[in-house]
Amino acid sequence: MKALKDKRVLIVSSEVVPYMPQSEKAVNSFQSSKKINDNGGLTRIFMPKYGLINERRHQLHEVIRLSGMNMVINDLYMPLIIKVASIPKERMQVYFIDNEDYFKKKELFYDKNKKLYKDNDLRMIFFVKGVIETVKKLNWSPDIIYLHGVFTSLFPLYLKELYFDDPMFLNTKIISSIYKKSFSGKLSQTMSKKVQFDEIDKGLDKLSSPTYDALIELMIDFSDGIVLSSEEIDKSTEKIIKSSSKPVLSYKNSLDDKLFMKFFAKHLN
């Protein structure tokens, strides 16, 4: 019997192959999604539509019925564009969150001069709200949301604070994959104010100094389970994970299909 048969699993990642280069995160986001899909789970994958993604080659097309919403981001109305594609040879659909201001950029956190984009915080907020609002529009209530990478770190906070009373997510559990550190330094010092604009009051202490570890700690605080998806986790991040009371699947056990699926099955109601 398949552990996740007919259970809805929403996968949210900053990178997924074949649309992005083969980083550890991009490959694992695909492979873990396939694993869930092959075990009877009903998957939908969401990622940003970066400028480096070749729309023609990957056969992306805009979903008119889902596009056109305006996300209010720090008191500005930002149009949301939704595109979709199917992963070749797999029965998996990928939805792309797009916006001319935020995702025309070619890369994730850094520009070509290896400097952090100044609007990374706004891009993260737009991505999170864009995914949640699109899932609502699809009327697709997920049993589990599986997050990959620090770019998705605001997702648990927003889901459990801004959308806490939304019937679509009342029974949804959040599992977060933690990877090796993907950026150094800090994001915008005004990130907490931008999140507070959405009437979110929790977690602002960590967002007042948004380092990688602060964002990961925030992510863990509002998640229901943690998967270690890199063999080498930074020691400071490791300390945060160890101090957490959340269930953790080790990197070694995450590579075992049965243990991986069992960990997910435990989080179903």
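It should be noted that the structure appears before, not after, this text.
Read on for an overview of the structure. None of the values given here were measured: they were computed from a predicted structure.

## Brief notes about the side chain of Ser-153
Inference 1: Along the chain, the position of Ser-153 falls in the loop between strand 8 (144-148) and helix 4 (155-161).
Inference 2: Ignoring anything within four residues of it in the chain, the contact list for Ser-153 reads Met-124, Leu-215 and Met-219.

## Regarding the environment of Ile-45
Inference 1: Relative to the assigned elements, Ile-45 resides in strand 2 (residues 42-48).
Inference 2: Beyond its immediate sequence surroundings of up to four residues, Ile-45 is in contact with Ile-11, Val-16, Ser-33, Ile-87, Met-92, Gln-93, Val-94 and Tyr-95.

## Observations concerning the pairing of strand 8
Inference 1: Buried residues dominate strand 8, accounting for five of its five residues.
Inference 2: Alternating residues of strand 8 divide into Ile-144, Tyr-146 and His-148 and Ile-145 and Leu-147, and every residue in both groups is buried.
Inference 3: Two elements, strand 8 and strand 9 (residues 173-178), share five bridges in a ladder whose sense is parallel. Residue pairing across strands places Ile-145 opposite Ile-174, the latter belonging to strand 9.
Inference 4: Handedness of the crossover joining strand 8 and strand 9 through helix 4: right-handed.

## Quick look at the packing of aromatic side chains
Inference 1: Applying the stated criterion to the full structure yields twelve aromatic pairs.
Inference 2: Ring centres of Tyr-163 and Phe-169 lie 6.5 Å apart, and the angle between their planes is 75°; on these two criteria the pair is classed as edge-to-face. Here the two residues Tyr-163 and Phe-169 agree in accessibility, since each one is buried.
Inference 3: Within the aromatic cluster, the residues linked to one another by ring pairs are Tyr-50, Tyr-102, Phe-103, Phe-126, Phe-127 and Phe-151.

## So, the packing of helix 1 (residues 24-38) against helix 10 (residues 257-265)
Inference 1: In the contact formed by helix 1 and helix 10, the axes pass within 11 Å of each other and the chain directions differ by 75°. Taken together, the axis directions place helix 1 and helix 10 in an arrangement best described as roughly perpendicular. Here Ser-32, Lys-35 and Ile-36 of helix 1 lie close against helix 10, whose contacting residues are Asp-257, Phe-260, Met-261 and Phe-264.
Inference 2: In terms of residue class, the contact of helix 1 with helix 10 is made up of four nonpolar, one polar and two charged.

What counts, and at which threshold
- Along every chain, residues carry numbers that run from 1 in the direction the sequence is written.
- The model is predicted, so local features are restricted to residues of pLDDT at least 70 and side-chain atom pairs to those at 80 or more, both for listing and for counting; the totals for chains, interfaces and linings are taken over all residues.
- The basis for the side-chain values is all heavy atoms of the structure; hydrogens and waters are excluded.
- Helix and strand labels come from DSSP, where a helix needs a run of H or I of at least four residues and a strand needs a run of E of at least two; each type is numbered from the N terminus.
- In what follows, residue pairs with any heavy atoms lying within 4.5 Å of each other are defined as contacts.
- Think of it in three bands: residues with accessible area under 20% of the maximum for their type are buried, residues over 50% are exposed, and the middle band is partly exposed, with areas taken using a 1.4 Å probe on protein chains only.
- Think of it this way: DSSP has to see at least two bridges between two strands before they count as a pair.
- Orient the strands so they point away from the viewer; a crossover is then right-handed if the path from the first strand over the helix to the second runs clockwise.
- Each Phe, Tyr or Trp ring (for Trp, its six-membered ring) is paired with any other whose centre lies within 6.5 Å, and the angle between the two planes then decides the class: stacked below 30 degrees, edge-to-face above 60, tilted in between.
- Angles run from 0 to 180 degrees between N-to-C directions of axes, and those axes are lines fitted to C-alpha atoms, restricted for helices to the stretch in contact.
- Oblique is the label for any angle not under 35 degrees, not over 145, and not in the 65 to 115 range, which are roughly parallel, roughly antiparallel and roughly perpendicular in turn.
- Under the scheme applied here, ten amino acids are nonpolar (Ala, Val, Leu, Ile, Met, Phe, Trp, Tyr, Cys and Pro), four are charged (Asp, Glu, Lys and Arg), and all others, including Gly, are polar.

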